[in-house]
Amino acid sequence: SIQAAPKTIPSAPVVTVTNLCGSTTLSSSTTGTLNWSNNATTNSISVTNAGNYDVFQTVNGCLSDTTTVVAAPLAVPSVSLNAFSSVCVNSPKFILSGGSPAGGTYSGPGVVSNQFDPALAGLGTFTITYTFTDANGCNGQAQQNITVGCAGIDDISKNNFTVYPNPNDGTFTISGIKNPIQSIKVFDMSGKLVREMKIENNQNQVDVNIQHCADGIYSVEISSNESISRVRIVKTK
């Protein structure tokens, strides 16, 4: 006699849908071979288009019923940032604006608590990033450059003081300031503050030491009670 042994029809896959920012993850723990409507065959797929997705499984050559799930990726917010005007290095710090939608945060060289400090950034062109996060926790970003310049303040002859020697090995003297020096700040070319000195006793001449810094070009800011001046120095061995 012949004994019939029909194969068991596998059950339709159980699919977990996880909607993320800009994409949806569809996954199943089935042990069979999956066949998705986008031609994928893995247990987990990531899709970026919203809509219906079908999947069935194959076990021992038998096909299951089809499971249909709906993918609805969370929208990534569209973010923009207006262009920035150039500023002088001795300009006061200011609150950044121009990012849309409102309520985001600004970051980049010279930025602290959404304020841009030209003296902290130093001379050069820097990228400011605006990041906005929506109620779903999805974020978008936009970027613009800001240039810190006004090169006239780098001209030693116009500032009526001298910095010597220049180039130097990391030790140099600032001399000839008309008004007593109140503070000295030294920035590297990335805008990082590498040395700060508070000057007392009405000194008009100060020795500075940045031998702990790498060789390169630095911007030195000299503040008195009437002005802020800048000069570039070169540290070399």
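Residues numbered from 1 in each chain as written. Predicted model: local features only at pLDDT ≥ 70, side-chain atom pairs only at ≥ 80, totals over all residues. Heavy atoms only, no water.

**A short note on a nonpolar patch on the surface**
And step 1. Judged by side-chain polarity, Met189, Ile217 and Val234 come together as a nonpolar surface patch covering roughly 210 Å² of accessible area.
And step 2. Its location among the elements puts Ile217 in strand β22 (residues 216-224).
And step 3. Assessed through its relative accessible area of 42%, Ile217 is described here as partly exposed. (Patch = residues over 30% accessible without salt bridge, like charges linked within 9 Å, V, L, I, M, F, W, Y side chains within 5 Å. Areas by Shrake-Rupley, 256 points an atom, 1.4 Å probe, with all protein chains shown as cover. Salt bridge = Lys/Arg side-chain N within 4 Å of Asp/Glu carboxyl O. Helix = DSSP H or I, 4+ residues; strand = E, 2+ residues; numbered from the N terminus. Buried < 20%, exposed > 50% of the residue type's maximum accessible area, 1.4 Å probe, protein only.)

**Topic: the nonpolar core**
And step 1. Counting 19 residues, the largest nonpolar core has Ile174, Ile184, Val208 and Val220 as the members making the most contacts within it.
And step 2. Non-local contacts of Val208, meaning those with residues more than four positions away in its chain, are made with Gly170, Thr171, Phe172, Ile174, Ile184, Val186 and Met197.
And step 3. With 18 residues, the next largest nonpolar core counts Val79, Phe84, Leu96 and Ile128 among its residues. (Core = buried A, V, L, I, M, F, W, Y, C linked by side-chain atoms within 4.5 Å. Contact = heavy atoms within 4.5 Å.)

**So, the side chain of Ser28**
And step 1. Checked against the element boundaries, Ser28 lands in the loop between β2 (23-27) and β3 (33-36).
And step 2. Here Ser28 falls in the buried class, since its relative accessible area comes to 9%.
And step 3. One polar contact links the side chain of Ser28 to the main-chain amide nitrogen of Thr30, over a distance of 3.3 Å.
And step 4. Residues within four places of Ser28 in sequence aside, it is in contact with Pro13, Val14, Val15, Leu34 and Asn43. (Polar contact = N/O pair within 3.5 Å; in protein donor to acceptor, adjacent residues only side chain to side chain.)

The values are spatial; any link to function lies outside them.
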